[in-house]
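Residues per chain, in single letters:
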Amino acid sequence: MFNKNDRLAVNAIRALSIAQIEKANSGHPGLPMGAAPMAYVLYNKILKANPENANWFDRDRFILSAGHGSSMLYSLLHLSGYRLSMDELKEFRQIGSLTPGHPEYGHTEGVEVTTGPLGQGIAQAVGMAMAEKHMAALYNKEEAKIIDHYTYALCGDGDLMEGVSYESMSLAGHLKLDKLIVLYDSNDICLDGDLNTSFSENVEARVKAQGWNYLRVEDGNDLEAIYEAIIKAKENTDGPTLIEVKTVIGYGSANAGTNKVHGAPIGADDFAAAKKVYGWDYPDFEIPEEVYETFKNGVGAKGKEANNKWEEDLKSYQEKYPEDYKDLMAGINRELPANFMDQVKKYDSSMKGLATRASGGEIIQDLAKITRNFWGGSADLFSSNKTNIKDSKAFRDESPEGRNIWYGVREFAMAAIGNGVMAHGGSFHHVSTFFVFADYLKAAVRLSALSGLPLTYAMTHDSVAVGEDGPTHEPIEQLAMLRAIPNTIVLRPADANETRLAWKVALESKDKPVVIALTRQNIPNLKETEDLDNIDKGAYIIKDAENPDLVLIATGSEVALAIETSKALEEEGKKIRVVSMPSMELFRAQDDSYKKEILPKGVKKVSIEMGTTFGWAEWTGACGLNIGIDRFGISGKGDLVQEELGFSVEAIKEKIDERFFK
């Protein structure tokens, strides 16, 4: 099946990848030199993709989890015919180029997800496979398989050492994601030296124990064996497959098989020697026409034909199933019905106060009725987070249409998998756990933000009011941590109506993850929010006074406390404005005139929030007062913990009086 042109194409990938690294004097040549054969077989002989239409929805997805091998991915994209020119490859790792050091989603055509933080690529591949399986169950008909594609990932030893790979692969096996195939570049070398210094697992036994199929290719240069293994993996219908491909890192280099070729240029002399090993007689960045023809006749021709057929099938699907087609396109385009919030419950002050996790749970039920593309999961906390969709099954192998993912106690993997679901497209997806466990999944939130993926994080038990569980479960610094992540919206709603509108912000977000921090304890439904129709400016005046002496700024459950404190101060003749600030990020994005309208200059300001005071000086100024908790919490009944830590009307008023009015 494979001929000299195929082998020429493999060596073109190697030579072009090394040339990029040598020109930049920076990069990781070892992986491209060793893994080029498996990458070539997958890309040009197996992958269902159309370089002329990179975003074709039913394409196979390929994720380079070992993102440090990015020069190989860029070589593949260029040679396959994606819009990635040779000039861009010459600018590898340079400012403003389409070839950054690690692949970035939304930046380079053909890059499916951002990778580089090891392990997260595998997790995102799991998310993509889950999304494919779920959407196929929602929309496919017996005679019309409109969603039918595979997810492939290429990983290295480092990926498999990361804990997130264990978590995500465990779930993938449990869910029997048989259209997920991982190629393992097994070269027995890690960055610091021989792999056996830190890793000696039996990978075959490990993945089989996790419910995966396992295949092995002894020679990473054997194109036929690689091809046969992938075809066999595609025939599996009882779970995902890992194919261990034994390779030589830096194949062709004088230092092949050592860590010296992992993360540094090999140099001009060694590059010249490697070219002789490959039989490559062309100058840097020069590719013979027959290589381009090989790719054009491979992935190019097959992909275009498959894409055209799918477009015809989609037209037929539209005619036969117009409502399904409409919903499918709405999911793909991230669209919701006009005025969709009219169908979501509103709250008033006559209703019994609820924890915002509980009102959030009610809101989720209404949102689930608006679009079938809305689904999500929890890290073994549905009963606490209240994020399950009550009239739907669990997402399982036997019920892939289910809209509730039981992620298990796998917070990091849950968030990274959620990124994969969002990058796949077609879904409004949310993940949930306790707010304090943002520590476990912060790296995935960062990747959501960097990738511009609008994944929703519903995080409950948002303050020391958690109470008896004590300081391990009482968040202090987590709000500041998440607010510090660029391109992220953090919302801490004051009551049920603000929670309702926080979900509106989340579902309308196109390119930012949204974190919604919700209470465990019951809080009142505020009279002041009954007519509120948006919180997209991040802060607003919830209680005002003419020419105020003081502005109280609060978030979440402390807004009600701020209102009560303002009344106590007003009894002594003070004029107090209260501002609810559910989102610093949204408020920061407003123009100066609005900011000054809400927080007038020259007026004393006080922040009230049950968390670290770090960051509040931006709004209260050098002379302001920031009331928070700059220590860890304590164990006890939630209301008593709050009082002990200074969150009562009396304690707050005393601090304000001492600072400003004595």
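Only a predicted model underlies this, so the values are computations on that prediction, with no experimental measurement involved.

Caption draft 1: Broad picture of the packing of aromatic side chains. Tallied over the entire structure, the rule returns 17 aromatic pairs. Geometrically, the ring pair formed by F434 and F437 is stacked, given 6.0 Å between the ring centres and 25° between the ring planes. There is no split in this pair, since F434 and F437 are both buried. Among the aromatic residues, those joined into a ring-pair cluster are F434, F437 and Y440. R61 extends its terminal NZ or CZ atom over the ring of F57, reaching a point 5.3 Å from the ring centre. Over the ring of Y166 we find R206, and its NZ or CZ is 3.6 Å from the ring centre.

Caption draft 2: The arrangement of the sheet that holds strand β8 (residues 374–378) in detail. What the six strands build is an open sheet, ordered β9-β8-β10-β11-β13-β12; its pairing is parallel. Unpaired on one side and paired on the other, β9 (404–406) and β12 (489–491) mark the two borders of the sheet. The mean angle between the axes of side-by-side strands here comes to 20°, regardless of whether they run parallel or antiparallel. Pairing analysis gives five bridges linking strand β10 (residues 428–434) to strand β11 (residues 456–460), with the strands arranged parallel. Residue pairing for β11: F434 is matched across the bridge by T460. The strands that helix α15 (residues 411–424) touches are β8, β10 and β11; relative to β10, the one it contacts most, it runs at about 170°.

Caption draft 3: Structural detail: the UniProt feature "site: Important for catalytic activity" (unreviewed entry) in the chain. The UniProt entry lists H28 and H262 under the feature "site: Important for catalytic activity" (unreviewed entry), expressed in the numbering used here. Spanning 235 residues, the named residues nonetheless gather at one spot, since no C-alpha pair among them exceeds 5.5 Å. The annotated residues named above include H262 as those lining the second largest pocket. Examined against the element boundaries, H28 turns out to sit in the loop between α1 (4–24) and α2 (30–46). Each residue touching H28, except ones within four places of it in the same chain, is listed here: I21, H68, R93, H262 and G263.

Caption draft 4: Summary view of the domain arrangement of the chain. Segmenting the chain into domains produces domain 1 (4–306), domain 2 (340–529) and domain 3 (540–661). Taken together, the contacts link 31 residues of domain 1 with 32 residues of domain 2. The junction of domain 1 with domain 2 conceals about 2,800 Å² of combined surface from both sides, 67% of it contributed by carbon and sulfur atoms. Sorting the residues of domain 1 by area buried against domain 2 places Y105, Q120 and H134 first, and these three jointly supply 20% of that buried surface. At the junction of domain 1 and domain 2, the tally comes to one salt bridge. In this structure, D397 engages K133 in a salt bridge whose closest nitrogen and oxygen atoms are separated by 2.7 Å. Taken together, the links from domain 1 to domain 2 amount to 10 residue pairs in polar contact (both at pLDDT 80 or more). Where the side of domain 1 that touches domain 2 is concerned, the elements lending two or more residues are α5 (120–139) and α7 (163–174).

Caption draft 5: Main features of a negative patch on the surface. There is a patch of like negative charges on the surface, built from D639, E643, E644 and E650. Per-element accounting of the negative patch gives the leading share, three residues, to helix α23 (residues 638–644). Relative to the elements of secondary structure, E643 occurs in helix α23.

Caption draft 6: Spotlight on the sheet that holds strand β14 (residues 540–543). Taken in spatial order, the five strands line up as β14-β16-β15-β17-β18 in an open sheet, and their pairing is mixed. Of all strands in the sheet, those bounded by a partner on one side alone are β14 and β18 (625–627). Within the sheet, the average angular offset between the axes of one strand and its neighbour, ignoring direction, is 30°. In the sheet, strand β17 (residues 604–608) pairs with β18 via three bridges, with the strands oriented parallel. Of the residues in β18, the one forming a bridge with S607 is N626.

Caption draft 7: Expanded view of helix α11 (residues 289–320). Taking 1.5 Å per residue, 32 residues should reach 46 Å; α11 reaches 45 Å between its end C-alpha atoms and fits that length. At K296, α11 is bent by approximately 35°, the largest bend along its length. Residues V291, T294, F295, G298, V299, G300, G303, N307, W310, L314 and Y317 constitute the buried set of α11. Those residues of α11 hidden inside the fold are in contact with α1, α2, α3 (70–80), α5 and α12 (322–332).

Caption draft 8: Looking closely at the environment of A517. Inspection of the secondary structure assignment puts A517 in strand β13 (residues 514–517). Residue class for A517 comes out buried when judged on its relative accessible area of 0%. Each C-alpha atom, one on A517 and one on P103, is 31 Å from the other, the two residues being 414 residues apart in sequence. Other than its neighbours up to four places away in sequence, A517 contacts F435, M459, D462, L491, R492 and P493.

Caption draft 9: Examining the pairing of β11 more closely. Taking burial as the measure, the five residues of β11 include five buried ones, the bulk of the element. The alternating pattern of β11 places T456, A458 and T460 and Y457 and M459 on opposite faces, both of which are buried. Note that the unit made of β10, helix α16 (residues 438–451) and β11 has a crossover that is right-handed. The pairing of β11 with β13 spans four bridges and is parallel. Counterpart to A458 in the pairing with β13 is I516.

Caption draft 10: Molecular detail of empty space enclosed by the protein. If you walk through the whole model with that rule in mind, you get two cavities of 30 Å³ or more. Estimates place the volume of the largest cavity at around 40 Å³. Elements represented by at least two residues in the lining of the second largest cavity include exactly α1 and α10 (268–278). Here the element with the most residues in the lining of the second largest cavity is α1; it accounts for three residues.

Caption draft 11: Examining the layout of surface pockets more closely. In this structure, the largest pocket occupies an estimated 580 Å³ of space. Along its surface, the largest pocket is lined by 31 residues, and N55, R59, Y105, A423 and H424 are the ones closest to its centre. Counting only elements with at least two residues in the lining of the largest pocket, the list comes to α12 and α15. Among the residues forming the lining of the largest pocket, the class breakdown is 14 nonpolar, 11 polar and six charged. Per-domain counts for the lining of the largest pocket show at least three residues from each of domain 1 (4–306) and domain 2 (340–529). Considering only enclosed or pocket space, the second largest pocket measures out at about 240 Å³ in volume. Along the walls of the second largest pocket sit 16 residues, with H68, G158, I189, C190 and H262 positioned nearest its centre. Those elements that place two or more of their residues in the lining of the second largest pocket are α2, α6 (157–161) and β4 (189–190).

Caption draft 12: Inspection of the pattern of salt bridges at higher detail. Taken as a whole and assessed by the stated rule, the structure comprises 33 salt bridges. The shortest N-O distance in the salt bridge between E52 and K304 comes to 3.7 Å. On the criterion of sequence distance, the pair formed by E52 in the loop between α2 and β1 (61–64) and K304 in helix α11 is long-range, its members being 252 residues apart. Residue K304 is classed as partly exposed on the basis of its relative accessible area of 38%. With its nearest N and O atoms 2.7 Å apart, the salt bridge here joins D284 to K275. On the accessibility criterion, D284 (40% relative accessible area) is partly exposed. If you follow the salt bridges from partner to partner, you end up with K141, D324, D327 and R372 in one network.

The rules behind each value
- Residues numbered from 1 in each chain as written.
- Predicted model: local features only at pLDDT ≥ 70, side-chain atom pairs only at ≥ 80, totals over all residues.
- Heavy atoms only, no water.
- Phe/Tyr/Trp six-rings, centres within 6.5 Å; stacked < 30°, edge-to-face > 60°.
- Buried < 20%, exposed > 50% of the residue type's maximum accessible area, 1.4 Å probe, protein only.
- Lys NZ or Arg CZ within 6 Å of the ring centre and 35° of its normal.
- Pairing = 2+ DSSP bridges.
- Helix = DSSP H or I, 4+ residues; strand = E, 2+ residues; numbered from the N terminus.
- Axes fitted to C-alpha atoms, helices over the stretch in contact; angles between N-to-C directions.
- Contact = heavy atoms within 4.5 Å.
- UniProt positions renumbered as here; feature names shortened; annotations may be inferred.
- 1 Å grid on protein atoms, 1.4 Å probe; cavity = no way out; pocket = protein on both sides within 12 Å on 5 of 7 lines; lining within 4 Å.
- Domains from an automatic or database assignment.
- Buried area = accessible area lost by both parts, 1.4 Å probe.
- Salt bridge = Lys/Arg side-chain N within 4 Å of Asp/Glu carboxyl O.
- Polar contact = N/O pair within 3.5 Å; in protein donor to acceptor, adjacent residues only side chain to side chain.
- Patch = residues over 30% accessible without salt bridge, like charges linked within 9 Å, V, L, I, M, F, W, Y side chains within 5 Å.
- Areas by Shrake-Rupley, 256 points an atom, 1.4 Å probe, with all protein chains shown as cover.
- Lys, Arg positive; Asp, Glu negative; His and termini not counted.
- Charge placed at Lys NZ, Arg CZ, Asp CG, Glu CD.
- Expected span 1.5 Å × (residues − 1).
- Bend = angle between axes of the 7 residues up to and from the residue.
- Right-handed = clockwise from strand over helix to strand, strands pointing away.
- Points joined across faces, edges and corners; volume = space filled by probe spheres on them.
- Nonpolar A, V, L, I, M, F, W, Y, C, P; charged D, E, K, R; others polar.

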